[in-house]
Amino acid sequence: MATPCRLMLILLAAVAAAASHPAHEFCAASGGGGGAGSCGGGDGTRILIKGGTVVNAHRAEEADVYIEDGVVVAVRPNIPVGDDNVKVIDATGKYVMPGGIDPHTHLEMEFMGTVTIDDFFSGHAAALAGGTTMHIDFVIPVNGNLTAGIESYKHKAEKSAMDYGFHMAITKWDDEVSREMEVMVKEHGINSFKFFMAYKGSLMVTDDLLLQGLQKCKSLGALAMVHAENGDAVAEGQQRMIDLGITGPEGHALSRPPVLEGEATSRAIRLAKFVNTPLYVVHVMSIDAMEEIAKAKREGQRVIGEPVVSGLVLDDSWLWDPDFATASKYVMSPPIREAGHGKALQAALSSGILQLVGTDHCTFNSTQKAFGSDDFRKIPNGVNGIEERMHIIWDTMVETGKITVTDYVRVTSTECAKIFNIYPRKGAILEGSDADIIILNPKRSFVMGTHTHHSRSNTNVYEGRKGKGLVEVTISRGRVVWEDGNLNVVPGSGRYIRTPPFGYLFDGIEKSDAIYRAGLRAPVVRSKAAA
């Protein structure tokens, strides 16, 4: 046993090392409001995680992890215990990993005449119980106004219980929206903007508006994101189904087939190439869309493909269930596809064609889903996943040997942190990183469903699903919030994380622009023809 004096010397050395670490400097530079200080923001709790396998995206190692005031202070073998005020967690035989980061959620979102059932407290409770310690939610403008939208979501997030960031949706285009985008980046710490190519008549933008948006994103160093479905064709497909007398949930999938997702993905990729700006395709649900992303990446284009858990492990057979309540809970857009698409998406994730996993957590209860009992077009679109994602990906991808444990950390946490420019503050267990950590026991099993989940919904699209790999402990900014099946979260304890512009996807863009201009061989000087 080390003496208290020796322990103090060790910890002082670790703190000094953390202070000089790039992660610590990054944390200080990019910290957001809503918490104590710009880094960590913990309550002074000290935790020592001993005996586990610490997994980062770049390596796995046997090591202990010492946490103080919400920040990782030391990661190395055999850190001694010499103070009764340190909480010691035995992680022997278990994996110690960065908490999950969900890049795609919709909490308390007004949509299709109702509001998603999970807000910034119940959604966060569900996330933490499932091993996710941060998410990035989509702000929906109010009548197209970005400032009104961000103020609304700041109010919604007052009840938050973990760290969160924001993307901003763009639902119309004019000079004021262009000006507001700059304000969002520079004053509100938002580095991503989403354009809906679907939902004609409400959220959808046309190609000319998308082009202007892509150009503005590029100038701001912000990442353009697209919901890729051909909205005009979807509207036509919906009417076709109604004319055929198909009004149930199966009509939803039949009206927006994979070809429409593939077409819109291809169009968005080509427009981004024309502008020469990175592109992020959300909720890739089909082989058609995935193959367009693969082709673009082979040609050197910077395109991020994000599958979601439902698209990876479910198929559309549920939409034909004779019970409307069962069938309707699987309605989301783009739709869950027929068997075969999920396996192809899993392969694309394991090979790096698709780079990270989200959920599109957008949950409605059975009463809300029943709004469309006579017309599938009125069924609120969305499924759950924020609590289930980490477990399903482990069981589906790691337990089957499709990806390694380091890949698991990459696709559930690190890649998201890198894309949205908050790494290594998030997405890593390194000296100076925020202490967002999970302990996963690969030997324990789980069973999913409404009887155990923390969502407010009375439905779950993963009802009865079983698997291996259980998150036993979740630590959020140095606080143990999930342990032994008990959740300890407080409304208002969450913190907004700013996402700086010009992430790694923009590296070298100006050089390729210069090469393009130099290669134009124009304008050509020509003599005027004689009169």
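In this text, all values refer to a predicted model and were calculated from it rather than measured experimentally.

Asks: Please explain the pairing of strand β2 (residues 60-68) as it appears in this structure.
Replies: If a strand is regular, its side chains alternate between the two faces of the sheet. In terms of strand pairing, strand β1 (residues 46-55) meets β2 through eight bridges, oriented antiparallel. Along β2, the bridge assignment pairs Thr53 with Glu62. Here β1 folds back onto β2 in antiparallel fashion, the turn holding four residues. Judged from the five bridges that link them, β2 and strand β3 (residues 71-76) form a sheet pairing that is antiparallel. Looking across to β3, one finds that Asp64 is bridged to Arg76.

Asks: Could you clarify how one ought to interpret the sheet that holds strand β13 (residues 279-281) in this entry?
Replies: As a general point, the strands of a sheet are linked pairwise by backbone hydrogen bonds and lie either parallel or antiparallel. Spatial strand order, β6-β9-β10-β11-β12-β13-β14: seven strands in an open sheet with parallel pairing. Each edge of the open sheet carries a strand with a single partner, namely β6 (100-105) and β14 (303-305). Neighbouring strand axes in the sheet, compared pairwise and without regard to direction, differ in orientation by 25° on average. The pairing of β6 with strand β9 (residues 132-139) spans four bridges and is parallel. Each residue of the ladder has a partner; that of Ile101, found in β9, is Met134.

Asks: Got a minute to help me understand the pattern of salt bridges in this structure?
Replies: Once their charged atoms are close, side chains differing in charge can pair, the charge on each being opposite to the other. As enumerated under the stated definition, the model contains 29 salt bridges in all. Between Arg270 and Glu292 there is a salt bridge, and its shortest N-O distance comes to 3.7 Å. A residue pair is termed long-range when its members are at least 10 positions apart, and Arg270 in helix α9 (residues 258-275) and Glu292 in helix α10 (residues 287-298) qualify at 22 residues. Its relative accessible area of 42% is what places Arg270 among the partly exposed residues. Across the salt bridge formed by Arg495 and Asp434, the nearest N and O atoms sit 3.0 Å from each other. Note that Arg495 is positioned in the loop between β18 (486-487) and α17 (509-518) and Asp434 in the loop between α16 (405-419) and β15 (437-447), a separation of 61 residues in sequence. This pair shows no difference in class: Arg495 is buried, exactly as Asp434 is.

Asks: Could you clarify how one ought to interpret the UniProt feature "modified residue: N6-carboxylysine" (unreviewed entry) in the chain in this entry?
Replies: The sites that UniProt annotates as "modified residue: N6-carboxylysine" (unreviewed entry) are Lys194. Inspection of the secondary structure assignment puts Lys194 in strand β11 (residues 192-196). Ignoring any residue separated from it by four or fewer positions in sequence, one finds Lys194 in contact with His104, His106, Phe138, Met168, Ala169, Ile170, Met225, His227 and Val282.

Asks: Is there a simple way to explain the confidence of the model for the chain in this structure?
Replies: Note that predicted coordinates carrying low pLDDT should not be read in detail. Looking at the chain, pLDDT values average 92 and 91% of them are 70 or higher. Helix α2 (residues 22-30) is the least confidently modelled element of the chain, averaging 33 in pLDDT, while strand β5 (residues 95-98) averages 99, the highest of any element.

Asks: I keep staring at the packing of aromatic side chains and nothing clicks. Help me out?
Replies: The description of an aromatic ring pair uses the distance of the two centres, along with the angle that the planes make with each other. Inspection of the entire model under this criterion finds 13 aromatic pairs. Ring centres 5.3 Å apart and planes at 35° place the aromatic pair Phe166 and Tyr496 in the tilted group. With Phe166 in strand β10 (residues 163-170) and Tyr496 in the loop between β18 and α17, the pair connects residues that are 330 residues apart, well separated along the chain. Comparing Phe166 with Tyr496 shows no difference in burial state: the two are buried. Between the aromatic rings of Phe502 and Phe506, the centroid separation amounts to 5.7 Å while the plane-to-plane angle is 70°, which identifies the pairing as edge-to-face. Taking relative accessible area as the criterion, Phe506 reaches 8% and is therefore assigned buried. Following the ring pairs from residue to residue traces out a cluster consisting of Phe120, Tyr153, Tyr164, Phe166 and Tyr496.

Asks: Looking at this structure, how should I read unusual backbone geometry?
Replies: Residues other than glycine predominantly adopt negative phi, and peptide bonds predominantly adopt the trans conformation. The step from Ser333 to Pro334 runs through a cis peptide bond, and the omega angle for that step is -10°. The residue after Ala522, namely Pro523, is reached through a cis peptide bond having omega 0°. Tracing the backbone through its elements, the reader meets Pro523 in the segment after α17. The phi dihedral of Asn78 falls on the positive side, at around 55°, and the residue is not glycine. Turning to its location among the elements, Asn78 is positioned in the loop between β3 and β4 (86-90). The phi dihedral of Asn421 is positive, around 65°, even though this residue is not glycine.

Asks: What should I look at first to understand the environment of Val489 in this one?
Replies: Inspection of the secondary structure puts Val489 in the loop between β18 and α17. For Val489, a relative accessible area of 17% puts it in the buried group. For Val489 and Ser266, which are 223 residues apart along the polypeptide, the C-alpha to C-alpha distance reads 43 Å. Among all residues touching Val489, those that are not within four sequence positions of it are Phe121, Ala125, Leu128, Ala161 and Val481.

Asks: Would you mind going over α10 with me for this structure?
Replies: Helix length check: α10, at 12 residues, gives a terminal C-alpha distance of 16 Å against a target of 16 Å (1.5 Å per residue), a fit within 8%. The complete set of buried residues in α10 reads Ala289, Met290, Ile293, Ala294 and Ala296. All buried residues of α10 fall inside an arc of 165° around its axis, so they share one side. For α10, the secondary structure elements touched by its buried residues are α9, β13, β14 and α13 (341-351). Just past α10, the residue Gly300 takes up positive phi, approximately 90°.

Thresholds, definitions, all that
- Residues numbered from 1 in each chain as written.
- Predicted model: local features only at pLDDT ≥ 70, side-chain atom pairs only at ≥ 80, totals over all residues.
- Heavy atoms only, no water.
- Pairing = 2+ DSSP bridges.
- Helix = DSSP H or I, 4+ residues; strand = E, 2+ residues; numbered from the N terminus.
- Axes fitted to C-alpha atoms, helices over the stretch in contact; angles between N-to-C directions.
- Salt bridge = Lys/Arg side-chain N within 4 Å of Asp/Glu carboxyl O.
- Buried < 20%, exposed > 50% of the residue type's maximum accessible area, 1.4 Å probe, protein only.
- UniProt positions renumbered as here; feature names shortened; annotations may be inferred.
- Contact = heavy atoms within 4.5 Å.
- pLDDT = per-residue confidence, 0-100.
- Phe/Tyr/Trp six-rings, centres within 6.5 Å; stacked < 30°, edge-to-face > 60°.
- Expected span 1.5 Å × (residues − 1).
- Arc of directions from axis to C-beta.

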